[in-house]
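This is what each chain is made of:
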Amino acid sequence: MIVISNAVSLHDDEVELSGIRAQGAGGQNVNKVSSAIHLRFDIAASSLPEFYKERLLALKDRRISKDGVIVIKAQQHRSQDLNREDAIQRLVELIRTVTVVQKVRRPTKPTKGSQRRRLDGKKQRGATKALRGRVAD
């Protein structure tokens, strides 16, 4: 059971984990051991609430395919167990990001006092620079 929040959790059979060979340097061991993990999670076929599914499918994330499948490749660690935990943790973090609702930004206008202070500062700076010119005889 993968816990997303207090009310939402996923069954283990909804997440497809497969071992693959990791890329990069690693010596002789890398050629014979499948230590990397390929995680696949079908959003539409999952038991997630509709709110989560809609928000996940609306995300512009390269890990989500056009078919609505999240694909995560974990190969940070040398052991398969650590890579499995890493892939599941990254899936949970991705799902949790859609639960956060952004605050609506309301545009504001600067106050009269702040506008006056800004213009006074610009005038003062301009006067200082004007004094740096050549001295007239």
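Reading the values: the criteria
- Residues numbered from 1 in each chain as written.
- Predicted model: local features only at pLDDT ≥ 70, side-chain atom pairs only at ≥ 80, totals over all residues.
- Heavy atoms only, no water.
- Core = buried A, V, L, I, M, F, W, Y, C linked by side-chain atoms within 4.5 Å.
- Buried < 20%, exposed > 50% of the residue type's maximum accessible area, 1.4 Å probe, protein only.
- Helix = DSSP H or I, 4+ residues; strand = E, 2+ residues; numbered from the N terminus.
- Contact = heavy atoms within 4.5 Å.
- Expected span 1.5 Å × (residues − 1).
- Phe/Tyr/Trp six-rings, centres within 6.5 Å; stacked < 30°, edge-to-face > 60°.
- Pairing = 2+ DSSP bridges.
- Axes fitted to C-alpha atoms, helices over the stretch in contact; angles between N-to-C directions.

Trainee: Report on the nonpolar core, specifying residues and quantitative values.
Mentor: Core analysis: the largest hydrophobic core is formed by 22 residues, its most contacted members being Phe41, Ile70, Leu91 and Ile95. For this core, the secondary structure elements donating two or more residues are β4 (36-42), α1 (50-58), β5 (69-74) and α2 (80-97). Once you skip the residues sitting within four places of it in the chain, Leu91 turns out to touch Leu10, Val15, Leu39, Phe41, Ile70 and Ile72.

Trainee: Can you explain α2? Please cite residues and give values.
Mentor: Taking 1.5 Å of rise per residue, the 18 residues of α2 would be expected to cover 26 Å, and the 26 Å separating its terminal C-alpha atoms lies within 8% of that figure. Within α2 the residues assigned to the buried category are Asn83, Asp86, Ala87, Leu91, Val92, Leu94 and Ile95. Looking at the buried side of α2, the elements it contacts are β1 (2-3), β2 (9-10), β3 (15-20), β4, α1 and β5.

Trainee: Quick one: what's the story with the packing of aromatic side chains, residue by residue and with numbers?
Mentor: The final tally for this structure, using the stated rule, is 1 aromatic pair. Their ring planes at 85° and their centres at 5.8 Å tell us that Phe51 and Tyr52 sit as a pair that is edge-to-face. Overall, the relative accessible area of 40% leaves Phe51 in the partly exposed class.

Trainee: Outline the side chain of Asp86, listing residues and values.
Mentor: Position of Asp86 relative to the elements: it lies in helix α2. On the accessibility criterion, Asp86 (19% relative accessible area) is buried.

Trainee: Could you give an account of the sheet that holds β3, with specific residues and numbers?
Mentor: Taken in spatial order, the 3 strands make up an open sheet running β3-β4-β5, and their pairing is antiparallel. Only two strands of the sheet have a single partner each, and these edge strands are β3 and β5. When strand polarity is set aside, the average angle formed by the axes of neighbouring strands in this sheet is 15°. As paired elements, β4 and β5 share 6 bridges and run antiparallel to each other. When the bridges of β5 are listed, Leu39 appears paired with Ile72. In the packing of α2 onto the sheet, the strands contacted are β3, β4 and β5, and the crossing angle to β4 comes to about 30°.

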